[in-house]
Amino acid sequence: MNKMLNLSSNPHIRDEVTTSEIMRDVVIAMIPTTLYGIIQWGFNAALVVILTVAFAVLSEYAYEKFMKMTITIGDWSAAVTGLILALNCPPDIPVWIPCVGAVFAIIVIKMLYGGLGKNWMNPALGARCFLLISFAGKMTGWTVVGPDAMSGATPLAFMKAGGDMAKVDLMNLFLGRIPGTIGEVSKLCLLIGAAYLIIKKVISPKIPCIYIATVAVFTLLFGGHGFDINYVLCEILGGGLIFGAFFMATDYVTSPITPKGQIVYAIILGVMTGLFRLFGGSAEGVSYAIILTNIIVPVINLKTIPKAFGREDEK
Amino acid sequence: MNNKYLERIYNGIIKENPTFILMLGMCPTLATTTSAFNAIGMGLSTTAVLMFSNMVISGLRNIIPNRVRLPGEIVVIASLVTIVQLLMQAYTPAVYESLGIYIPLIVVNCIILGRAEAYALFNTPVLSFCDGLGMGIGFTLALTVLGSVRELIGKGAIFGFQLIPEEFSIGIFALAPGAFIVLAFLAAIQNKLKLPSATNGGEEVPEFVTSGDLLGAFNKIEEAPASEVKKEA
């Protein structure tokens, strides 16, 4: 593929990094949180992870075989989609539901638009929202963990219902002893994975940091709790914000490529998440914020093209 | 039966199918196809209005001044819709209840105004009636297929008969996003099958059309390209 497109005259820099290496790094970065989820919730969570990844890879293979395209399952991107989708599901979900989601993510959201690099929406998140609308009850049935941990609703739902802030233990939120989806709960494991990606230069910390900061400022201003750091930390650690910011908002295909555009994108993400969480119907808003902002990424790219060197003065 | 009249009906069902080829009347198409039953109700009531509005407008085409033809057409269509609405309320209250606001909204269905503008204003009443009938059948068939698929995936049933247990149905297909997804898939299948239509040139005729069945019979009488509006008046 790369040799075929080798048509340049200038000494363009050629990197040895390939798509499959990047995607493999993303999978490696998600291993800690996956393991934590499986250990915390047991057999069904493991089954969900394995089957969702398998269905994602198989449906990409089947589609490409059927349409007589080049088989691209070797680039790991289908596995990443499947894994992110599995980590976005509640642990007690019937396993066939995320499998349907995986097929939808790959076939409808990714392959019908032309495959990797041409999909305008993050496939895993698109499929999560597809499942969320279709199986609202099953997708938000949270499992209670441990005797000393918070029970019933997720921390965000607990706070949205006007629960007592003093009962929220930030350490539980950070370590993951809270109800939530398989992969979003342990912020420690997620940050370990994110640090790995940043060190390997797979992702830049720019989008996630601005995104999280915007959410923090937004909830501080409009949360109705005054200047309460505890509340803001609960908003940041309580739901899928860390997972979404580091692993889903940074998706190469569906995030802007211009430096300025990435800042605009991250700020819009933060504002949307804050709006959905504080003023929307449900307690969590990260996935809807990301897929809705994905739609305007082409416009952001177009409006933030950097000026060519030496042409700064031209209007 | 003259060939011209059959050709109009075939044109409405296959060649210029209002839903899959012309992409007209998307609002009722997407909104009322939550179940096959609703879809058929919507399709048939639109067909009734379409046939008679085409016929009446065609009959009045030399009387209505060109400048006020749109208000004139709308008056005819709105009167017919009111008749259909009152008849449905009297004889099929169940369908009337489930379609609700979408029955009066047939007035602004762009298939009806579109056919009046594009066909009935230039052709004889009988031909226009057949055009309305063809378009109506095409619309009804398309809506029924769309409604059946959505009901089957979204609720696990067709015409209310439960085929798949309710818990295995994928609810989004009974909602608005599912309507767009299913419509896109059906239009794609239609394009893939390359039925001779206005959008794909009608050049490639698949095997089954020439194998002596109904479609084949229709195909032989097809004369002019669909894009040409015949001006006989």
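Only a predicted model underlies this, so the values are computations on that prediction, with no experimental measurement involved.

(A) Here's a closer look at the overall build of chain B. The number of helices and strands found in chain B is nine helices and two strands. Starting at the N terminus and walking to the C terminus, you meet the elements of chain B as α-α-α-α-α-α-α-β-β-α-α. Residues classed as buried in chain B amount to 44% of the 233 residues present.

(B) Highlighting unusual backbone geometry. Although it is not a glycine, Lys 68 of chain A sits at a positive phi angle of roughly 55°. Within the secondary structure layout, Lys 68 of chain A lies in the loop between helix 2 (43-66) and helix 3 (77-87). Residue classification places Lys 68 of chain A among the exposed positions, given that 6 C-beta atoms sit within 10 Å. Its identity as a non-glycine residue notwithstanding, Met 23 of chain B has a phi of 55°, on the positive side. With respect to the helices and strands, Met 23 of chain B occurs in the loop between helix 1 (3-15) and helix 2 (26-32). Take Met 23 of chain B: there are 14 C-beta atoms within 10 Å of it, and that puts it in the partly exposed class.

(C) Representation of the confidence of the model for chain A within the structure. Here chain A averages 85 in pLDDT, and 89% of its residues register 70 or above. Note on residues 147-151 of chain A: pLDDT under 50 across the span, and eight contacts to partners over four residues away in sequence or across chains.

(D) Broad picture of the interface of chain B and chain A. The interface of chain B with chain A comprises five residues on the first partner and six residues on the second. Of the residues contributing to the side of chain B that touches chain A, the split by class is four nonpolar, one polar and no charged.

(E) Representation of helix 5 (residues 123-134) of chain A in the model. Residue and element names in this part refer to chain A. For helix 5, built from twelve residues, the straight-helix expectation of 16 Å at 1.5 Å per residue is met to within 8% by its first-to-last C-alpha distance of 16 Å. Most of helix 5 is tucked away: eleven of the twelve residues are buried. Of the positions making up helix 5, those classed as buried are Pro 123, Ala 124, Leu 125, Gly 126, Ala 127, Arg 128, Cys 129, Phe 130, Leu 131, Leu 132 and Ser 134. Considering only its buried residues, helix 5 is in contact with helix 3, helix 4 (96-110), helix 6 (136-139), helix 12 (241-248) and helix 14 (286-295).

(F) Here's a closer look at the environment of Leu 278 of chain A. Residue and element names in this part refer to chain A. Tracing the chain through its elements places Leu 278 in helix 13 (residues 259-279). When the C-alpha positions of Leu 278 and Gly 224 are compared, they lie 9.4 Å apart, and in sequence the two are 54 residues distant. Once residues within four sequence positions are removed from consideration, Leu 278 is found in contact with Thr 219, Phe 222 and Gly 223.

(G) The arrangement of the environment of Ala 39 of chain B in detail. Among the secondary structure elements, Ala 39 of chain B is positioned in helix 3 (residues 36-59). Setting aside its immediate chain neighbours within four residues, Ala 39 of chain B contacts Thr 32, Thr 33, Leu 143, Thr 144, Leu 146 and Gly 147 of chain B.

(H) How the structure looks around the packing of helix 4 of chain A against helix 5 of chain A. Residue and element names in this part refer to chain A. Following both chains from N to C, one finds helix 4 and helix 5 inclined at 130°, their axes separated by 8 Å at the closest point. With respect to helix 5, the element helix 4 is oriented oblique. Taken as a pair, helix 4 and helix 5 cross one another with a handedness that is right-handed. Residue-level contacts link Ile 97, Gly 101, Ala 102, Phe 104, Ala 105, Ile 106, Ile 109 and Lys 110 of helix 4 to Pro 123, Ala 124, Gly 126, Ala 127, Arg 128, Phe 130 and Leu 131 of helix 5. Looking at the contact of helix 4 with helix 5 residue by residue, the class counts come to eleven nonpolar, two polar and two charged.

The rules behind these values
Residues numbered from 1 in each chain as written. Chains lettered and ligands numbered in written order. Predicted model: local features only at pLDDT ≥ 70, side-chain atom pairs only at ≥ 80, totals over all residues. Helix = DSSP H or I, 4+ residues; strand = E, 2+ residues; numbered from the N terminus. Buried ≥ 20, exposed ≤ 12 C-beta atoms within 10 Å, placed from the backbone. pLDDT = per-residue confidence, 0-100. Contact = placed C-beta atoms within 7 Å. Nonpolar A, V, L, I, M, F, W, Y, C, P; charged D, E, K, R; others polar. Expected span 1.5 Å × (residues − 1). Axes fitted to C-alpha atoms, helices over the stretch in contact; angles between N-to-C directions. Parallel < 35°, antiparallel > 145°, perpendicular 65-115°, else oblique. Left-handed = near helix turned anticlockwise from the far one by under 90°.

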